[in-house]
Amino acid sequence: MRSDANCAGAPASPGRRALLLAAAAAAAVPGPSFAQEGYPQRPIRLLVGFAAGGTPDSIARKIAEAVSRQVGQTLLVDNRAGANGMIAAEALVKAAPDGYTLLLTTPSLVINPSMYKKVPYDLARDVLPITDVALGDGYLLVVNPALGVETLPALIDHAKRGRPLTFSSPGIGNTLHLAAETFADRAGIAITHVPYKGAAPALNAVIAGEVQAMFIPPTVATAHIKSGKVRALGFTSTKRWPELPDVPAIAEALPGFAFDSGWHALFAPAGTPRAIVTRLNTEFRKALQVPEVRSFLVQGGYEPGGRPQPEFAAFVQSEARRYADIVRAAKITPE
């Protein structure tokens, strides 16, 4: 026989009453696990902070195709170019942390706070690192053929004779800009930086003769090099790029010079539920194992990423410190 305390109509003890109230509240308000069940249930917006046709855009679209197939929902690439990626980053941090707005970006995300007084996000508070997608080895230094220089020493001599030398990039403080400034400092030459809203527009400016040179990811430049629209003078890694073995490493003319081409990585708004973060990390790492994705990255001079989320979060913090040191040394400030 049940005790009186368990019989229908018997008053519940204070402890049992609290448990019943908690259970009722849990039933009335869906918890995180309930809200995340079946994620994703609709298309996901993938923000890219640079113009269509550039390397971040190309990488985003390639991996979005693979992830879309895996999860059964479309990843829609949304280009929000401008302000060195800050327009897209601001859109990310203003979005609901529900896994349906993501950002694929470059080191610009961690560089901006060390360059600008006003940044529309706090790196530690507002963004959540998910995983790295592509790790770069180096950039190609390309020039407009009309400049009349065919080797890196000739370019340096051109500048040392006091002749103007203009470099384009996707924006002030972008890694392509930092590569140019680091090169100029090491070569002992003066350059004029001209920012554009993306790598593709910056390269088009070199092709059109609006500017004379730039550092560019291999994925964007190779076809234009082979067609003769631009001339490649060097590669920023310590070794030559295998896809263009006739192009020397810059270190061959400037011993010790090296500048890696950074990374492309996935971020979500802070507060995104842990289950969704884990799912995203898993799906993007899985997509990086797809042969066509791996081939695309390797041919472009990148290694597939795919760090576990905690490891990648620590890496982002270390990168913020590293680039702050580069910006400080180059004395770069927004114009």
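Residues numbered from 1 in each chain as written. Predicted model: local features only at pLDDT ≥ 70, side-chain atom pairs only at ≥ 80, totals over all residues. Heavy atoms only, no water.

1. Let's talk about the environment of Ala-146
What counts is decided by this rule: The way it works is that DSSP assigns letters per residue, a run of H or I at least four long becomes a helix, a run of E at least two long becomes a strand, and they are numbered from the N terminus.
Within the secondary structure layout, Ala-146 lies in the loop between strand E5 (140–143) and helix H7 (152–160). Spatially, the C-alpha atom of Ala-146 lies 9.6 Å from that of Ile-207, the residues being 61 residues apart in sequence.

2. A short note on the nonpolar core
Stated precisely, the cut-off is as follows: Side-chain atoms within 4.5 Å link the members of a nonpolar core, which is a set of buried Ala, Val, Leu, Ile, Met, Phe, Trp, Tyr and Cys residues. Accessible area is worked out with a 1.4 Å probe on protein chains only. A residue is then buried under 20% of its type maximum, exposed over 50%, and partly exposed in between. Note on contacts: a residue pair qualifies if any of its non-hydrogen atoms lie within 4.5 Å across the two residues.
Leu-140, Leu-155 and Phe-183 are the most contacted members of the largest nonpolar core, which totals 73 residues. Residues contacting Phe-183, with those up to four places away along its chain left out, are Leu-141, Leu-152, Leu-155, Ile-156, Phe-167, Ile-189, Phe-215, Ile-250, Leu-254 and Phe-257. Counting residues in hydrophobic clusters, the runner-up holds 32 residues, among them Ala-64, Val-77, Val-133 and Leu-280.

3. Quick look at the pattern of salt bridges
Rules: Should a side-chain nitrogen of Lys or Arg be within 4 Å of a carboxyl oxygen of Asp or Glu, the pair is scored as a salt bridge.
Taken as a whole, this structure holds 15 salt bridges when the rule is applied. A salt bridge links Arg-307 to Asp-132, with the nearest nitrogen and oxygen atoms 2.2 Å apart. In this pair, Arg-307 sits in the loop between strand E11 (302–304) and helix H13 (309–330) while Asp-132 sits in strand E4 (residues 127–136), placing the two residues 175 residues apart along the sequence. Residue Asp-132 is classed as buried on the basis of its relative accessible area, which comes to 0%.

4. With respect to the confidence of the model for the protein chain
Basically, it comes down to this: What pLDDT expresses is the predictor's confidence in each residue, scored from 0 to 100.
Confidence in the prediction for the protein chain averages 87 pLDDT; 88% of positions are at 70 or higher. The low-confidence segment residues 1–35, where pLDDT is below 50, has five contacts with residues more than four positions distant or belonging to other chains.

5. Section: the packing of aromatic side chains
What counts, and what does not: Aromatic pairing here means that ring centres of Phe, Tyr or Trp (its six-membered ring) are within 6.5 Å. Orientation follows from the plane angle: under 30 degrees is stacked, over 60 is edge-to-face, and everything else is tilted. Any Lys NZ or Arg CZ that is within 6 Å of a ring centre and within 35 degrees of that ring's normal is treated as a charge sitting over the ring.
Tallied over the full model, the rule gives eleven aromatic pairs. Taken together, a centroid distance of 6.3 Å and an interplanar angle of 85 degrees make the contact between Phe-183 and Phe-257 edge-to-face. You can see Phe-183 sitting in helix H8 (residues 175–187) and its partner Phe-257 sitting in the loop between strand E9 (231–235) and strand E10 (263–269), a full 74 residues away along the chain. Neither residue differs from the other here; Phe-183 and Phe-257 are each classed as buried. Each member of the aromatic cluster is reached from another via a ring pair, and the members are Phe-167, Phe-183, Phe-215 and Phe-257. Seen from the ring of Tyr-323, Arg-322 lies directly overhead, with NZ or CZ sitting 4.5 Å from the centre.

6. Looking at the packing of helix H5 (residues 108–115) against H13
Our working definition: Helix axes use the C-alpha atoms of the stretch in contact, all axes being lines fitted to C-alpha atoms, and the angles between their N-to-C directions lie in the range 0 to 180 degrees. Here the word oblique covers every angle except those under 35 degrees (roughly parallel), over 145 (roughly antiparallel) and from 65 to 115 (roughly perpendicular). Throughout, a crossing is termed right-handed when the near helix is turned clockwise from the far one, and left-handed when it is turned anticlockwise from it by less than a right angle. Only Asp, Glu, Lys and Arg are considered charged in this grouping, and only Ala, Val, Leu, Ile, Met, Phe, Trp, Tyr, Cys and Pro are considered nonpolar; every other residue, Gly among them, is considered polar.
Interhelical geometry of H5 versus H13 gives an angle of 50 degrees and a closest axis separation of 8 Å. Relative to H13, H5 is oriented oblique. The two elements H5 and H13 cross, and the hand of that crossing is right-handed. Counted together, Val-110, Ile-111, Ser-114 and Met-115 of H5 and Val-316, Glu-319, Ala-320, Tyr-323, Ala-324 and Val-327 of H13 form the full contact between these two elements. Residue composition of the contact of H5 with H13, grouped by class: eight nonpolar, one polar and one charged.

7. Some details on the side chain of Thr-236
Applicable threshold: Think of a polar contact as two N or O atoms within 3.5 Å of one another; within protein, one of them needs to be a possible hydrogen donor and the other a possible acceptor, and neighboring residues in sequence only count if both atoms come from side chains.
Structurally, Thr-236 can be placed in the loop between E9 and E10. A residue is classified by how much of its surface remains accessible, and Thr-236, at 0% relative accessible area, is buried. Polar side-chain contacts of Thr-236 include one of 2.7 Å to the backbone nitrogen of Tyr-139. At a separation of 2.6 Å, a polar atom in the side chain of Thr-236 contacts the main-chain carbonyl oxygen of Phe-259. Non-local contacts of Thr-236, meaning those with residues more than four positions away in its chain, are made with Gly-138, Tyr-139, Phe-215, Ile-250, Phe-257, Ala-258 and Phe-259.

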